[in-house]
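Residue-level listing of the chains:
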Amino acid sequence: MEEISERIIAFNRNRIPEMIQFKYEFMKENLFRFYRGTNHIFYEDLAREQEFPESPHAWICGDLHLENFGTYKSDNRQVYFDLNDFDEAILAPSLWEVVRTVTSILIAFDTLKIEEAKSLRMAQLYLKTIGEIFAGGKSGYIERNTARGIVCEFLTAVNKRKQSDILSKKTTLKKDKLQIILNDPRHFKLDKKLKNDLAVHVKHWLKTDEDSPYNYKVVDAVFRLAGAGSIGLKRYAILLKSSNKAGEKYLLVDMKQSTASSIKPYISIKQPDWKNESERIVKIQERMQNRPPALLS
């Protein structure tokens with residue numbers, strides 16, 4: 001166990017010290033959260049497995065577990081249910097993704113104290129389904145009109161959700177100005193210099209990136225604590241405002257530091273010559289999702 005602790009500390013040594021403690025507390029809550037926070041250990045150990053079967057190379061999410069699926073709106077305003085985390089995305093053996101997902105099913109069911117027989121049936125169903133998709137050579141996707149069960153509920157809820165609903169939960173009016181709520185336990189105040197630097201950076205993005213929202217400016221920003229494996233990286237929630245004849249409009253956007261995939265040291269497959277890690281994440285996300293979310297950049 002001491003070796004595991006040393007590997008975890010070494011992997012996180014370059015992250016923000018006061019924030020990485022939140023990650024460790026998160027990982028202590030249960031086995032599934034520990035699994036989410038130690039993707040690097042999973043693939044390091046998997047790469048050492050000499051008898052693991054070979055498989056075709058494919059784009060993989062790199063950290064595919066049960067909580068890395070979700071619902072979102074695309075830029076066409078339609079709602080989708082798909083993979084939603086690509087920080088670790090890379091070109092790798094396709095079965096690596098499969099074994100990561102199967103393991104997450106078994107650990108999640110155990111954490112929820114669901115009997116082992118049910119977790120095994122679910123894992124077998126997943127393997128049967130993914131095998132059929134691989135054999136067919138083409139994946140499908142879930143639409144609101146054809147979805148059933150909990151996925152249908154997710155899609156319906158997101159379709160009804162408005163930006164104003166999100167803003168009402170995350171912002172407050174202070175001195176006639178809308179600001180991001182700071183008493184949220186996941187929000188932390190930024191010093192003035194960093195806040196100004198972020199504003200300058202986002203202003204440049206708004207002017208130069210064709211995927212950015214039109215006619216907006218930065219009005220507030222906070223440090224945001226979210227995710228699991230990425231806790232300890234720089235992450236910000238930024239409030240944007242637009243004023244025109246129709247009145248004022250606000251948007252909350254998320255900005256997160258991009259780092260190399262934790263799987264990369266264990267992959268010998270030649271990767272594209274990405275300009276930076278952000279390009280890797282965005283380009284693979286665009287390849288893997290049926291439709292990417294709005295404002296992906």
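A short tour of the structure in this document, coming up. Please read all numbers here as calculations on a predicted model, not as lab measurements.

Rules of the game
- For every chain, the first residue of the written sequence is number 1, and numbering continues from 1 onward in sequence order.
- In keeping with the model being predicted, local features are shown solely for residues with a pLDDT of at least 70 and side-chain atom pairs are shown and tallied solely at 80 or more, while totals for entire chains, interfaces and linings include all residues.
- Side-chain measures were taken over the full set of non-hydrogen atoms in the model, leaving aside hydrogen atoms and water.
- Here a helix means four or more residues in a row that DSSP labels H or I, a strand means two or more in a row labelled E, and each is numbered from the N terminus.
- Expected helix span is taken as 1.5 Å per residue step, with the number of steps being one fewer than the number of residues.
- Each residue is assigned to one of three classes by its accessible area relative to the maximum for its type, calculated with a 1.4 Å probe on protein chains only: buried under 20%, partly exposed between the two thresholds, exposed over 50%.
- By definition, the arc is the one covered by directions from the helix axis to the C-beta atoms.
- Polar contact criterion, stated in full: a pair of N or O atoms within 3.5 Å, where within protein one must be able to donate a hydrogen and the other to accept it, and residues adjacent in sequence count only if both atoms are side-chain atoms.
- Think of a patch as exposed residues, more than 30% relative accessible area, with no salt bridge, where like charges cluster within 9 Å and nonpolar side chains (Val, Leu, Ile, Met, Phe, Trp, Tyr) cluster within 5 Å.
- Note on areas: these come from Shrake-Rupley sampling with a 1.4 Å probe, and a residue is covered only by the protein chains present in the view.
- Think of a salt bridge as a Lys or Arg side-chain nitrogen and an Asp or Glu carboxyl oxygen that are within 4 Å of each other.
- Think of it this way: Lys and Arg go in the positive column, Asp and Glu in the negative one, and His and the chain ends go nowhere.
- A charge is said to be at NZ when it belongs to Lys, at CZ for Arg, at CG for Asp and at CD for Glu.
- For our purposes a nonpolar core is just a set of buried Ala, Val, Leu, Ile, Met, Phe, Trp, Tyr and Cys residues, chained together by side-chain atoms within 4.5 Å.
- In this description, contact between two residues means that some pair of their heavy atoms is separated by no more than 4.5 Å.
- Only protein atoms enter the 1 Å grid used here, on which a cavity is any set of points holding a 1.4 Å probe that cannot leave and a pocket is any open set flanked by protein within 12 Å on both sides along at least five of seven lines; residues with an atom within 4 Å of a point are listed as lining.
- Grid points are joined across faces, edges and corners, and a volume is the space filled by probe spheres set on the points.
- Polar here means any residue other than Ala, Val, Leu, Ile, Met, Phe, Trp, Tyr, Cys and Pro, which are nonpolar, and Asp, Glu, Lys and Arg, which are charged; Gly is therefore polar.

**Points about helix H9 (residues 192-208)**
Alright, step 1. Spanning 17 residues, H9 covers 24 Å between terminal C-alpha atoms, matching the ideal 24 Å at 1.5 Å per step.
Alright, step 2. Within the sequence span of H9, burial applies to Leu 198, Val 202, Trp 205 and Leu 206. Summarising the axial view, the buried residues of H9 lie within an arc of 95 degrees, below the 170-degree limit, and thus occupy one face. What points out from H9, more than 90 degrees from its buried face, is the exposed set Lys 192, Lys 193, His 204, Lys 207 and Thr 208.
Alright, step 3. Sitting at the amino-terminal end of H9 is Asp 191, which places a side-chain oxygen 3.1 Å from the backbone nitrogen of Lys 193.

**Quick word on a positive patch on the surface**
Alright, step 1. Taken together, the side chains of Lys 174, Lys 175, Lys 177, Lys 189, Lys 192 and Lys 217 make up a positively charged region of the molecular surface.
Alright, step 2. When you line up the elements, Lys 175 lands in the loop between strand S5 (171-174) and strand S6 (177-180).
Alright, step 3. Look at Lys 175 and you get exposed, because its relative accessible area is 76%.

**Structural notes on the pattern of salt bridges**
Alright, step 1. This model, assessed by the stated rule, comprises 22 salt bridges.
Alright, step 2. Salt-bridge contacts for Glu 44 lead to Arg 7; the nearest nitrogen and oxygen are separated by 3.3 Å. Residue Glu 44 is found in helix H4 (residues 39-47), and its partner Arg 7 is found in helix H1 (residues 2-11); the two are separated by 37 residues along the sequence. Both residues of the pair, Glu 44 and Arg 7, count as buried.
Alright, step 3. The salt bridge involving Asp 184 is made with Lys 170; its shortest N-O contact spans 3.6 Å. Taken together, the residues Asp 184 in the loop between S6 and strand S7 (187-188) and Lys 170 in helix H8 (residues 163-170) connect sequence positions 14 residues apart.
Alright, step 4. Of the residues examined, Asp 184 reaches a relative accessible area of 12% and is grouped as buried.
Alright, step 5. By relative accessible area, Lys 170 is classed as partly exposed at 23%.

**Digging into the nonpolar core**
Alright, step 1. If you look at the biggest cluster of nonpolar residues, it comprises 16 residues, and the most contacted ones within it are Leu 190, Val 202, Leu 206, Tyr 236, Ile 238 and Leu 240.
Alright, step 2. Of all the secondary structure elements, the ones that give two or more residues to this core are H9, strand S8 (217-224), strand S9 (235-244) and strand S10 (247-256).
Alright, step 3. The element best represented in this core is H9, accounting for four residues.
Alright, step 4. Those residues in contact with Leu 206, other than ones at most four positions away along the chain, are Ser 212, Pro 213, Tyr 216, Lys 217 and Leu 240.

**Let's talk about the layout of surface pockets**
Alright, step 1. Of the voids in this model, the second largest pocket is the one considered here, and its volume is about 1800 Å³.
Alright, step 2. Forming the walls of the second largest pocket are 39 residues, and the residues nearest its centre are Phe 69, Leu 83, Tyr 126, Ile 130 and Ile 133.
Alright, step 3. Residues that form the lining of the second largest pocket fall into these classes: 24 nonpolar, ten polar and five charged.

**Here's the deal with unusual backbone geometry**
Alright, step 1. Positive phi values are uncommon outside glycine, yet Asn 215 reaches one of about 65 degrees.
Alright, step 2. Looking at the element boundaries, Asn 215 is found in the loop between H9 and S8.
Alright, step 3. If you check the backbone angles, Leu 295 has positive phi at about 65 degrees while not being a glycine.
Alright, step 4. Along the polypeptide, Leu 295 turns up in the segment after helix H10 (277-288).
Alright, step 5. Residue Leu 295 is classed as partly exposed on the basis of its relative accessible area, which comes to 33%.

**Digging into empty space enclosed by the protein**
Alright, step 1. For the structure on display, the rule yields one cavity of 30 Å³ or more.
Alright, step 2. A volume near 40 Å³ is recorded for the largest cavity.
Alright, step 3. Forming the walls of the largest cavity are Phe 223, Arg 224, Leu 225, Ala 226, Ser 230, Ile 231, Gly 232, Leu 233, Arg 235 and Lys 256.
Alright, step 4. Its residues assigned to classes, the lining of the largest cavity comprises five nonpolar, two polar and three charged.

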